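# Structural description and commentary
Spelled out, the chains give:
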Amino acid sequence: MGNSNSKSGRRGDWRQTVSGKMYWPADPRADEIHIEDLAHHLATTNRFGGAAGEPYSVAQHLVLASTIVAPEFALETLMHDGAEGLTGCDLIRPVKRSGAMGVLWEDFEAKNQRVVHERFGLPMDRFVEEHRDEWFEEGQINIRLQGWFLRHVMPKAVKDVDNIILMTEARDLMAPPPEPWVEATYKPLEQKIVPWCWENARDFFLRRFRELGGK
């Protein structure tokens, strides 16, 4: 799947994209992102870690969100989970909120999202570096994280729409929750979500990208 050969001069291992190109998630570069690859990866990545009643893609989530947000945020909303198509993972929120793992993943994902913004001309001021010096108890292991970590700070308009779609998905695609979700204060859409097949999700994502002037 990859090659960590030091001759490449890159950090970490590379992944192979659907079109056969190389991409280094630990050493992301904007000029190595291709929208056709990204659309395919997002269309074949399931939301909720596969816990929805049937396959439902990140690509469909992004297209739907982009249609209800204010127009000035539409392209940014369509691409706000772009890193998931590069890292190969839609990590569920409970894991992202879990101790040292959450901090490290937030930094890793933000670095990949930042090159998505660079590649597609989206605002670069959405990323901030914060110094952290914290201890985490992970079972019988104590972990200290010290240094500068990157965060992706989405505009409120984008985050609100993300949560509105989330709660609509929860209503239409998930089993009844045993307890209310943290995001349950967001009112879902009236319309019902019906999952698209992955080919449609890919094609609708690309079409929406071009409608919004993406290049």
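Quick note: structure is the one above.
Quantities reported herein were computed from a predicted structural model and do not represent experimental measurements.

Each value, and the rule that gives it
Residues numbered from 1 in each chain as written. Predicted model: local features only at pLDDT ≥ 70, side-chain atom pairs only at ≥ 80, totals over all residues. Heavy atoms only, no water. Axes fitted to C-alpha atoms, helices over the stretch in contact; angles between N-to-C directions. Helix = DSSP H or I, 4+ residues; strand = E, 2+ residues; numbered from the N terminus. Parallel < 35°, antiparallel > 145°, perpendicular 65-115°, else oblique. Left-handed = near helix turned anticlockwise from the far one by under 90°. Contact = heavy atoms within 4.5 Å. Nonpolar A, V, L, I, M, F, W, Y, C, P; charged D, E, K, R; others polar. Core = buried A, V, L, I, M, F, W, Y, C linked by side-chain atoms within 4.5 Å. Buried < 20%, exposed > 50% of the residue type's maximum accessible area, 1.4 Å probe, protein only.

Looking now at the packing of helix α1 (residues 35-43) against helix α8 (residues 198-211). Contact geometry of α1 with α8 gives a least axis separation of 8 Å together with a crossing angle of 135 degrees. Accordingly, the angle class assigned to the pair α1 and α8 is oblique. Of the two elements, α1 crosses α8, and the hand of that crossing is right-handed. Of the residues in α8, those touching α1 at I35, E36, A39, H40, L42 and A43 are W198, A201, R202, F205, L206, F209 and R210. Looking at the contact of α1 with α8, its residues break down into 9 nonpolar, 1 polar and 3 charged.

This next bit is on the environment of R97. Note that R97 resides in the loop between α5 (93-96) and α6 (99-120). Setting aside its immediate chain neighbours within four residues, R97 contacts V182 and E183.

We now examine the nonpolar core. Among the nonpolar cores identified, the biggest contains 24 residues, and I35, L78, M79, F120 and F205 are the most heavily contacted of them. When contributions to this core are tallied by element, the ones reaching two or more residues are α1, α2 (58-68), α3 (74-78), α6 and α8. Setting aside chain neighbours within four positions, we find L78 in contact with L62, V63, S66, F205, R208, F209 and L212. Counting residues in each nonpolar core, the second largest holds 17 residues, with V69, F73, V158 and M167 among its members.

This part covers α2. The buried fraction of α2 is high, at 9 of 11 residues. Looking at α2, one finds that the buried residues are V58, A59, Q60, H61, L62, V63, L64, A65 and S66.

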